[in-house]
2 protein chains.
Amino acid sequence: MSSDKKLTPISDLGEFGLIDRMTKGIKLKNKSSVKGVGDDAAVVNHNGYQTVITTDMLTEGIHFDLSYSPLKHLGYKAVVVNLSDILAMNAKPTQIVVSIAVSARTSVESLDELYAGIYEACNFYKVDLVGGDTTSSRSGLVISITAIGKAKPEDLIYRSGAKENDLICVTGDLGAAYMGLQLLIREKEVYKVNPNSQPDLSGFEHILERQLKPECPISIIDKLEKMNVRPTAMIDISDGLSSEVLHICQASEVGCVVHEDKLPIDESTIKFGNQIGVHSSIAALNGGEDYELLFTVPLSDFDTIKRYPEIKVIGHITKEDKGCSLVTGDGTYLPLDAQGFDHGANE
Amino acid sequence: MSSDKKLTPISDLGEFGLIDRMTKGIKLKNKSSVKGVGDDAAVVNHNGYQTVITTDMLTEGIHFDLSYSPLKHLGYKAVVVNLSDILAMNAKPTQIVVSIAVSARTSVESLDELYAGIYEACNFYKVDLVGGDTTSSRSGLVISITAIGKAKPEDLIYRSGAKENDLICVTGDLGAAYMGLQLLIREKEVYKVNPNSQPDLSGFEHILERQLKPECPISIIDKLEKMNVRPTAMIDISDGLSSEVLHICQASEVGCVVHEDKLPIDESTIKFGNQIGVHSSIAALNGGEDYELLFTVPLSDFDTIKRYPEIKVIGHITKEDKGCSLVTGDGTYLPLDAQGFDHGANE
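Basis of the calculations
Residues numbered from 1 in each chain as written. Chains lettered and ligands numbered in written order. Predicted model: local features only at pLDDT ≥ 70, side-chain atom pairs only at ≥ 80, totals over all residues. Helix = DSSP H or I, 4+ residues; strand = E, 2+ residues; numbered from the N terminus. Rg over C-alpha atoms; globule rule 2.2 N^0.38 Å. Buried ≥ 20, exposed ≤ 12 C-beta atoms within 10 Å, placed from the backbone. Pairing = 2+ DSSP bridges. Axes fitted to C-alpha atoms, helices over the stretch in contact; angles between N-to-C directions. Contact = placed C-beta atoms within 7 Å. Domains from an automatic or database assignment. Nonpolar A, V, L, I, M, F, W, Y, C, P; charged D, E, K, R; others polar. Core = buried A, V, L, I, M, F, W, Y, C linked by C-beta atoms within 7 Å. Expected span 1.5 Å × (residues − 1). Least-squares fit on C-alpha atoms with pLDDT ≥ 70 in both. Parallel < 35°, antiparallel > 145°, perpendicular 65-115°, else oblique. Left-handed = near helix turned anticlockwise from the far one by under 90°. pLDDT = per-residue confidence, 0-100. Arc of directions from axis to C-beta.

1. Observations concerning the overall build of chain A
Here is step 1: Helix and strand counts for chain A come out as 10 helices and 14 strands.
Here is step 2: Relative to its length of 347 residues, chain A is compact, with a C-alpha radius of gyration of 21 Å against a globular reference of 20 Å.
Here is step 3: Seen through its principal axes, chain A has C-alpha atoms that stretch 65 × 60 × 30 Å.
Here is step 4: Sorting the 347 residues of chain A into buried and exposed places 54% on the buried side.

Below, the structure written as structure tokens:
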């Protein structure tokens, strides 16, 4: 949004005017969306399927900084972080409900931007926005989204099914979102010192996009089914790989070995890490916000899995008493531990 | 909580310690709660039923003032306001997911209190807490709850089914929660001037309870079924009776006549209104936070309805072109309009 345009305070629209403006373009895409926005509650119908539900809250100053998070991207990301949890159950996301608290200084135009991002994500991932709550906040913006998904009962995958000798797999690449955030923080500091400086972000589009407008690997759910591979345990990578591997090991009562040199890391993540003196493996293990999937599969699926370049095998599951280890590039075994928690966890 | 006890900062527990503490006592009560807290998402199974979903967000300084809202009551109320929306669909609440953002100054003990209230409501209303998100807020406390309910497809009642000549009915009494809030505000002002003053709240227990620890009329759903009365339209009264009646009329494309002298108002609401110079009818029409049900039934159900003292007939539905009117005690017709919006609306 250009800053010389006169913006409309939310109070000009009134309560129901605001809701109308934010929801008038909704077209329900899923047959299971029986009733959307406009009554006391949404109605979804997943007969024969399990209904999967998750929720995530993002708060200003904690999860995002409006000085470098474009609102449209923020809306998009707020949806994706929820859908990621639905995928991690091996379920398909179908609906979301969105609650937003805005401060008195929020303009209608900025809410438009935020919702544009929310709707863009809904369209891309084919989910329906079916309800929500719009309210006030004494200070910053708060976005709370609950996502609903469906799965056949027999398809659901929990964190607790990993078995000894299973392979540990991840989708996509790791650590980029963390590096993207460090880049944004650095550029903000530069801007503070010299507001006329033009940031040179070329070569770092990937890490910026992973931070500002992440995607979750929705196609992997169908792909696994077609490959006839059924993961034994699955989780999404929101808090950093280490933390998620440990969650699976704890829930499954197993140990693991993860190989540092097998972590999928993009070149730009390594390059920016070198600039700021942060090893890209640390970002991959503890950075968080990757929204990729981590899962375990039986060893017998290795020949199938290795044909898919978007899936990387990074280690294997051991007996519980072996503990959880990281093997570094030079062959040293280190205990795998979760670090670097920033801002809360999804239960 | 006594103020001389040393309180524990949230940071002492760590992320997962906090989640464990808040969720360790959970016992799932509903057969449809397939998976609760502890994986990427909750799983509910309502095969043969429709799944009903709603969400509501409460923010500090807007929806509640911690100086007079005991945290336990606040937790209880945050659940009830959501369940009320499920009831308004003629559905039975079955699960909730709870997202909470806390500031650095929030103590573990205060979160314990908040969750004690949440669990008390879950137990009373027989709903399962199946997931959530615990995160940080830069300033005040934010509570966002999504409730899920079930209903047979044919039992769902929307706002849009009211027909000419239908009777307009409400449960419980109206305006008390508004008066309770005014009482709390008054006592806070008195306390500011003289911290040693002891508030005399006797005779006003009802209006205080309606504000601080409201209940929603869950038994009415079964009762209507047993009475063999099927409302044609239904909504919960969260923003004041006028606003809700107008919602039904708009959605149903009808008009209405509401009789002021038939509004169910408790004696203590009238008495306190007289003290502060606010007519109790104004509180009933525009006060909000009553969490009672407003519904319309065919005229032929009058003989059945009148046998239930907890249900009051307050008016009737007309053709749309007659508009929406309030008949005052002296027989004057006034246009019914929604006023006094405080803090947001549920979509």
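There's more to say after this.
2. Points about the sheet that holds strand E7 (residues 167-171) of chain B
All names here are of chain B.
Here is step 1: Judged by pairing direction, the sheet is mixed, and its seven strands sit side by side in the order E8-E10-E7-E11-E9-E12-E13 without closing on themselves. Two strands bound the open sheet, and with one partner strand each, they are strand E8 (233-237) and strand E13 (333-335). Averaged over all adjacent pairs, the angle separating strand axes in this sheet is 25°, with direction ignored.
Here is step 2: Together, E7, E8, strand E9 (255-259), strand E10 (292-297) and strand E12 (324-327) form the strand contacts of helix H7 (residues 241-252), whose direction differs from that of E8 by roughly 155°.

3. Looking at the domain arrangement of chain A
All names here are of chain A.
Here is step 1: Assigned domains of chain A: these are domain 1 (10-153) and domain 2 (159-335).
Here is step 2: Of the residues lining the interface, 17 residues belong to domain 1; the matching set on domain 2 comes to 16 residues.
Here is step 3: Looking at which element gives the most residues to the side of domain 1 that touches domain 2, the answer is helix H2 (residues 71-87), with nine residues.
Here is step 4: The class makeup of the residues in the side of domain 1 that touches domain 2 is nine nonpolar, five polar and three charged.

4. Details of the nonpolar core
Here is step 1: Counting residues in each nonpolar core, the largest one holds 199 residues, and the members touching the most others are Val79 and Val245 of chain A together with Val79 and Val245 of chain B.
Here is step 2: Those residues in contact with Val245 of chain A that sit more than four places away from it in its chain are Ile168, Cys256, Val258, Leu294, Cys324 and Leu336 of chain A.

5. Quick word on the interface of chain A and chain B
Here is step 1: The partner chain B presents 62 residues to the 61 residues of chain A that form the contact.
Here is step 2: Ranked by residues supplied to the side of chain A that touches chain B, first place goes to strand E3 (residues 50-59) of chain A with nine residues.
Here is step 3: Here the side of chain A that touches chain B is built from residues that sort into 24 nonpolar, 25 polar and 12 charged.
Here is step 4: Inspection of the sheet shows E3 of chain A paired to strand E2 (residues 42-44) of chain B by three bridges, in the antiparallel sense. Across the sheet, residue Val52 of chain A finds its bridge partner in E2 of chain B, namely Val43 of chain B.

6. Digging into helix H4 (residues 176-193) of chain A
All names here are of chain A.
Here is step 1: Taking 1.5 Å per residue as the helical rise, H4 with its 18 residues ought to reach 26 Å, and the 26 Å between its terminal C-alpha atoms agrees with that figure.
Here is step 2: Within H4, the full set of buried residues consists of Ala176, Ala177, Tyr178, Met179, Gly180, Leu181, Leu183 and Leu184.
Here is step 3: The inward-facing, buried residues of H4 abut helix H5 (205-212), helix H8 (267-276) and helix H9 (280-286).

7. Observations regarding the relation of the copies chain A and chain B
Superposition of the two copies of the chain requires a rotation about an axis together with a shift along that axis.
Here is step 1: Expressed as a screw operation, the relation of chain A to chain B combines 0.0 Å of axial shift with a rotation of 180°, fitting to an RMSD of 0.0 Å. Those values place the two copies in the arrangement expected of a two-fold rotation axis. Proximity to the rotation axis, assessed at the C-alpha, singles out Asn47 of chain A in chain A; its C-alpha lies 2.3 Å from the axis.
Here is step 2: With an isologous cut-off of 70% or more, the 100% of interface residues of chain A that recur at the interface of chain B puts this contact in the isologous class.

8. Focus: the packing of H4 of chain A against H5 of chain A
Residue and element names in this part refer to chain A.
Here is step 1: Two elements in contact, H4 and H5, have axes whose closest approach is 7 Å; the angle formed by their N-to-C orientations is 100°. Taken together, the axes of H4 and H5 lie roughly perpendicular to each other. Between H4, through Ala176, Ala177, Met179, Gly180, Leu181, Leu183 and Leu184, and H5, the contact on the second element is made entirely by His206, Ile207, Leu208, Arg210, Gln211 and Leu212.
Here is step 2: Of the residues in the contact of H4 with H5, the class split is nine nonpolar, three polar and one charged.

9. A look at the pairing of E3 of chain A
Residues and elements named next belong to chain A.
Here is step 1: Counted residue by residue, E3 has 10 buried out of 10 residues, so it is predominantly covered.
Here is step 2: Burial along E3 is two-sided: Gln50, Val52, Thr54, Asp56 and Leu58 and Thr51, Ile53, Thr55, Met57 and Thr59, pointing in opposite directions, are all buried.
Here is step 3: With 10 bridges joining them, E3 and strand E6 (residues 142-151) adopt antiparallel strand pairing. Within the sheet, the bridge partner assigned to Leu58 lies in E6 and is Ile143.

10. Quick notes on the packing of H4 of chain A against H8 of chain A
All names here are of chain A.
Here is step 1: Between H4 and H8, whose axes approach to 10 Å, the crossing angle comes to 45°. Overall, the two elements H4 and H8 adopt an arrangement that is oblique. The interaxial crossing formed by H4 with H8 has left-handed handedness. Facing H4, whose interface residues are Ala176, Met179, Gln182 and Leu183, H8 presents Thr269, Phe272, Gly273 and Ile276.

11. Side note on the sheet that holds strand E12 (residues 324-327) of chain A
Residue and element names in this part refer to chain A.
Here is step 1: Ordered in space as E8-E10-E7-E11-E9-E12-E13, the seven strands form an open sheet in which the pairing is mixed. Of all the strands in the sheet, just strand E8 (233-237) and strand E13 (333-335) have a single pairing partner and so form its edges. On average, each strand axis in the sheet is inclined to that of its neighbour by 25°, with strand direction left out of account.
Here is step 2: Bridging between strand E9 (residues 255-259) and strand E11 (residues 311-318) involves four bridges; their strand directions are antiparallel. When the bridges of E11 are listed, Cys256 appears paired with Ile317.

12. Re the confidence of the model for chain A
Residues and elements named next belong to chain A.
Here is step 1: Per-chain confidence: chain A averages 88 in pLDDT, with 95% of residues scoring 70 or above.
Here is step 2: Predicted confidence is poor over residues 340-347, with pLDDT under 50, and the contacts of this stretch with residues over four places away or in other chains come to 30 contacts.
Here is step 3: Across the whole predicted complex the pTM is 0.87, and at the interface the ipTM reaches 0.84.

13. Brief notes about unusual backbone geometry
Here is step 1: Despite not being glycine, Glu289 of chain A has its phi angle at roughly 65°, a positive value.
Here is step 2: Tracing the chain through its elements places Glu289 of chain A in the loop between H9 and strand E10 (292-297).
Here is step 3: The phi torsion at Asn165 of chain B lies on the positive side, around 80°, for a residue other than glycine.
Here is step 4: The partly exposed category is assigned to Asn165 of chain B, around which 14 C-beta atoms lie within 10 Å.

14. Regarding helix H3 (residues 108-125) of chain B
All names here are of chain B.
Here is step 1: Taking 1.5 Å of rise per residue, 18 residues should cover 26 Å, and H3 covers 26 Å from first to last C-alpha, within 8% of that figure.
Here is step 2: Along H3, the residues classified as buried are Ser110, Leu111, Leu114, Tyr115, Gly117, Ile118, Ala121, Cys122 and Tyr125. For H3, the arc enclosing every buried residue in end-on projection is 150°, short of the 170-degree limit, so these residues lie on one face.

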